[in-house]
Amino acid sequence: MSSQPNCENCPVHHKGNLVRLGIDMDKVDYVVALAGNPNTGKSTVFNNLTGLRQHTGNWPGKTVGRAEGAFSYEDDSYKIVDLPGTYSLLSTSTDEEVARNFILFGRPDVTVIVADATRLERNLNLVLQILEITDRAILCLNLMDEAKRNHVEIDVRELTRELGIPVIPTSARRRDGMDELVAMIAEVASGKYICKPHRVRNHTPQLKHAIDTLSKKLRETYPGLPNAEWVALRLLEGDQSIIEALQNGILDGLVENETPIAI
Amino acid sequence: MTEQNKSKNTEEILGIANNLKWELGMGIHDKIVSSLYADAAQIARKTVSIEGDKPAFSLDRKIDKIVTSRWSGFPIMFVLLAVVFWVTISGANYPSGLLASLLVDTLHPILKSGADSFMPWWLSGLLIDGAYLAMAWVISVMLPPMAIFFPLFTLLEDLGYLPRVAFNMDSLFRKAGAHGKQALTMSMGFGCNAAGVIAARVIDSPRERLIAIITNNFSLCNGRWPTQILIATIFIGGMVSPFWAGLVSTGAVVGVAVLGIAFSLIVSWVLSRSVLKGEASTFSLELPPYRPPRVLQTLYTSLIDRTLFVLWRAVVFAVPAGMVIWLVSNIHIGGVSLAEHFIDWSNPFAVVFGLNGVILLAYIIAIPANEIVIPTILMLTVLVTGMSGVGEGSGVMFELDSITSTENILRAGGWTLLTGINLMLFSLLHNPCSTTIYTIYKETKSAKWTLIATLLPIVLGFVVCFFTAQLWYLFA
């Protein structure tokens, strides 16, 4: 096995999958995914980052399918993909599958999770699920102005510590915090900021044992798999699409990038 | 590790997973979800604090109690709808007249005499009397109502009112066997049916999505509002004293819009019990917090994204349509123009439905865009009745100085209250415009469903007009 310890850091290591997912990778240094619950202002963040003026509506499900845009910061160019808003990545609606497949197989360099600061607990369910899949994520704690108006206060430092990823408070409608967000995207994308994402701990001992057994086995076969615990959980649930991904080697391709990629 | 080894290991892993699954027993999915929720709750407890004793969003909940209540939800919805139309109707009149006097009364003669000086008569007729006038008419009639209607609608959308509409309508749509989110696509259809058809993507089940696509045409779209408003003002507002006219005609337009919603429900019900059988799927709809809209930005985006976009499309379709109108009324066979041939031939048939040949011809010419129906009807009526002193001659789409002179033309053309009512019904129930038909095809990828979505409303339209006309003839 031609194990390359550095391929994780190479910006093109997952290019093949991104191209397969329909992303035009010409002249792009980093790919940023935008995920989050419906109606948290993802489209507004997207517009602010890209300078596009898609109409943003105040109703869940405004963004159908996937919107793409680009921006550049310092010397690097970024492609940003606005994923459909979902409440979870567990059950299978088309929207959830689009979002999950993109984060899992596309392996964006950074996943920006846009969360509603006024409904943090519910939003955290999705945040934690995303952190099981990827470890390069930023929490964009949006609608801070609304939270302030409703006397909701959030300890951002503590939240950063708990989640193990950078947390940027924003009010995207007023462009507050967008500069900080862009700077943080650059830091995480370039690997200057190393995330240590929170992984779910409150499993029953029995389940914990099952996950440990399975993920150990998975790591033996696929060294470098960043989300072995998550894959183990899906296998225990009998998730058909993950079983297939394992059988036909898509998951494998994610890890080692052995197949040559036509550029 | 070789490929063979790897696939052997993979199978082994899957085997282990299967065994562990049996050991863990049922309900593993629920266990995973509950441990996830436990973690989320733990983190939220540590980081979120709410100041004071008032629970967050207490005002939102109070408003929601009123606007989604069983008793006041629907009345509030209709009143809001009526206010939007009333502001549109009364606000658009003056700027429309201003634009018309500039584009038609002032600019048109200048252009015409300029063109006549170096062009053959037929070319200047085709370009200036056909293409230019059609464009000028569409701009002066459509721009003001759109510039008022779209920002108002967008403000309601940004405020967060649309999900409440969906919430109110949900149980009705579910009883009809359709998806509750169809209320959202229906609301989008009030702006533009093509947009409503695309918005049906938010519905996951293919069966319910098809129902939403097929019934979207029953939402009166922006292209049809001016027709409704004008005809309601002339024939229904004209029946009462001027003081009540505005209110009564607004009521008539809201009535037709509500009738459209009723048709949407009835057709959904029939479809989900016949060709598209199935149960309504459940979904969760989050009622977002009310957000004070940023008025300036809303004005900007709704003007750029919607108003100018729709107007541009209308102009693109109006220019060739204007040429067609000029041609059919200026090409003569046996001394009578093509238009008159068609009108005379189709009139007996149309009268059975309480319409007339002019309306049928206008709808055929206007298939590309609903918004040019009224100008086409006026022009053709003048042509048939041979009225003099209005317009500029054969095949000229013109703007009239006031609603009164429009009324004079229509009454001279043999129009009655029945013609007015049936035109409003027919404008609600007829085939979608070409853009929408094309969008339906792109979204469904099926010629069969596109054909059904196209023909179903027009057949319904003829049936409804037929019965209205027959009842009218019976009692009047």
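What counts and how
Residue numbers run consecutively from 1 along every chain, following the written order of its sequence. Each chain gets a letter, beginning with A, and each ligand a number, beginning with 1, in the order they are written. Residues qualify for local features only when their pLDDT is at least 70, as the model is predicted, and side-chain atom pairs are given and counted only at 80 or more; totals for whole chains, interfaces and linings, by contrast, use all residues. To get the side-chain values, all heavy atoms of the structure are used, and hydrogens and water are removed first. Here is the rule: rings of Phe, Tyr and Trp (six-membered ring for Trp) pair when centre to centre is within 6.5 Å. Planes less than 30 degrees apart are stacked, more than 60 are edge-to-face, and the remainder are tilted. We count a charge as sitting over a ring when the NZ of a lysine or the CZ of an arginine lies within 6 Å of the ring centre and within 35 degrees of the ring normal. Strand pairing is defined by DSSP finding a minimum of two bridges between the two strands. Helix and strand assignments come from DSSP, with helices taken as H or I runs of at least 4 residues and strands as E runs of at least 2, each series counted from the N terminus. All axes here are fitted lines through C-alpha atoms, helices being fitted over the stretch that makes contact, and every angle between N-to-C directions spans 0 to 180 degrees. We call two residues in contact when some of their heavy atoms are within 4.5 Å. Remark: nonpolar core denotes a set of buried residues (Ala, Val, Leu, Ile, Met, Phe, Trp, Tyr, Cys) joined through side-chain atoms within 4.5 Å. To sort residues, take the accessible area from a 1.4 Å probe on protein chains only and compare it with the maximum for the residue type: under 20% means buried, over 50% means exposed, and anything in between is partly exposed. In predicted models, pLDDT denotes the confidence assigned by the predictor to each residue on a 0 to 100 scale. Within this scheme a cavity is a closed region of a 1 Å grid, computed over the protein atoms alone, that accommodates a 1.4 Å probe without allowing it to escape, whereas a pocket is open but has protein on both sides within 12 Å along at least five of seven lines; lining residues each have an atom within 4 Å of a point. Grid points are joined across faces, edges and corners, and a volume is the space filled by probe spheres set on the points. As a working rule, the residues Ala, Val, Leu, Ile, Met, Phe, Trp, Tyr, Cys and Pro are called nonpolar, Asp, Glu, Lys and Arg charged, and the rest polar, with Gly in that last group. Candidate patch residues must exceed 30% relative accessible area and have no salt bridge, after which like charges are joined if within 9 Å and Val, Leu, Ile, Met, Phe, Trp or Tyr side chains if within 5 Å. Working definition of accessibility: Shrake-Rupley area with a 1.4 Å probe, residue cover restricted to the visible protein chains. A side-chain nitrogen of Lys or Arg and a carboxyl oxygen of Asp or Glu constitute a salt bridge if their distance falls within 4 Å.

**Quick look at the packing of aromatic side chains**
Residues and elements named next belong to chain B.
Turning to step 1, where the next piece is worked out: Going through the model one piece at a time under the given rule, you end up with 14 aromatic pairs over all chains.
Turning to step 2, where the next piece is worked out: Taken together, the aromatic side chains of F349, F353, Y363, F426, F462, F466 and F467 make up a single cluster linked through ring pairs.
Turning to step 3, where the next piece is worked out: Between the NZ or CZ atom of R164 and the centre of the ring of Y290, over which it lies, the distance is 3.9 Å.

**Topic: the sheet that holds strand β7 (residues 167–169) of chain A**
Residue and element names in this part refer to chain A.
Turning to step 1, where the next piece is worked out: In spatial order, the strands read β2-β3-β1-β4-β5-β7; together these 6 strands make up an open sheet with mixed pairing. Looking at which strands have only one partner, the edges of the open sheet turn out to be β2 (67–73) and β7. For this sheet, the mean inter-axis angle between neighbouring strands, taken without regard to orientation, is 25 degrees.
Turning to step 2, where the next piece is worked out: Where strand β1 (residues 30–36) meets strand β3 (residues 76–82), 5 bridges bridge the pair, whose relative direction is parallel. From the neighbouring strand, L34 faces β3, where its bridge partner is D82.
Turning to step 3, where the next piece is worked out: In the packing of helix α4 (residues 120–133) onto the sheet, contacts are made with β1, β4 (110–116) and β5 (137–142), and the angle to β4 comes to roughly 165 degrees.
Turning to step 4, where the next piece is worked out: Sheet contacts for helix α7 (residues 178–190): β1, β2, β3, β4, β5 and β7; angle to β5, the most-contacted strand, approximately 170 degrees.

**Some details on the nonpolar core**
Turning to step 1, where the next piece is worked out: Within the largest apolar cluster, 95 residues are counted, with the highest numbers of intra-cluster contacts made by B:M169, B:W225, B:I231, B:I377, B:L410 and B:W415.
Turning to step 2, where the next piece is worked out: Every residue in contact with B:W225, bar those within four places of it in the chain, is listed here: B:F85, B:F149, B:F190, B:L220, B:V253 and B:A257.
Turning to step 3, where the next piece is worked out: One finds A:F71, A:L128, A:I138 and A:C140 within the second-largest nonpolar core, a separate group that totals 92 residues.

**A short note on the confidence of the model for chain A**
Residues and elements named next belong to chain A.
Turning to step 1, where the next piece is worked out: Residues of chain A with pLDDT of at least 70 account for 77%, and the chain-wide mean is 79.
Turning to step 2, where the next piece is worked out: Counted against residues more than four places away or in other chains, residues 1–5, with its pLDDT under 50, gives 5 contacts.
Turning to step 3, where the next piece is worked out: Note on residues 7–13: pLDDT under 50 across the span, and 10 contacts to partners over four residues away in sequence or across chains.

**A closer look at the pairing of β2(A)**
All names here are of chain A.
Turning to step 1, where the next piece is worked out: Direction of pairing for β2 relative to β3: antiparallel, over a ladder of 7 bridges. Bridged to Y73 within β3 is D76.
Turning to step 2, where the next piece is worked out: Turn length for the β2-β3 hairpin, with the two strands adjacent in sequence and antiparallel, is 2 residues, and the turn residue E74 shows positive phi of about 50 degrees.

**Focus on empty space enclosed by the protein**
Residues and elements named next belong to chain B.
Turning to step 1, where the next piece is worked out: Taken as a whole and judged by the stated rule, the model has 8 cavities of 30 Å³ or more.
Turning to step 2, where the next piece is worked out: Taken as a whole, the largest cavity spans an internal volume of roughly 210 Å³.
Turning to step 3, where the next piece is worked out: Together, 16 residues line the largest cavity, and M77, L81, F153, V165 and F190 are the ones closest to its centre.
Turning to step 4, where the next piece is worked out: At the level of elements, α4 (73–116), α5 (121–159), α6 (162–175) and α7 (182–191) are the ones that each hand at least two residues to the lining of the largest cavity.
Turning to step 5, where the next piece is worked out: Per-element accounting of the lining of the largest cavity gives the leading share, 6 residues, to α4.
Turning to step 6, where the next piece is worked out: Here the lining of the largest cavity is built from residues that sort into 15 nonpolar, 1 polar and no charged.

**With respect to a nonpolar patch on the surface**
All names here are of chain B.
Turning to step 1, where the next piece is worked out: Taken together, V79, V83, W86, V87, M239, V240, F243, W244 and L247 make up a surface patch of nonpolar side chains, about 920 Å² in accessible area.
Turning to step 2, where the next piece is worked out: Listed by contribution, the elements that provide at least two residues to the nonpolar patch are α4 and α11 (242–273).
Turning to step 3, where the next piece is worked out: Ranked by residues supplied to the nonpolar patch, first place goes to α4 with 4 residues.
Turning to step 4, where the next piece is worked out: Along the polypeptide, W86 turns up in helix α4.

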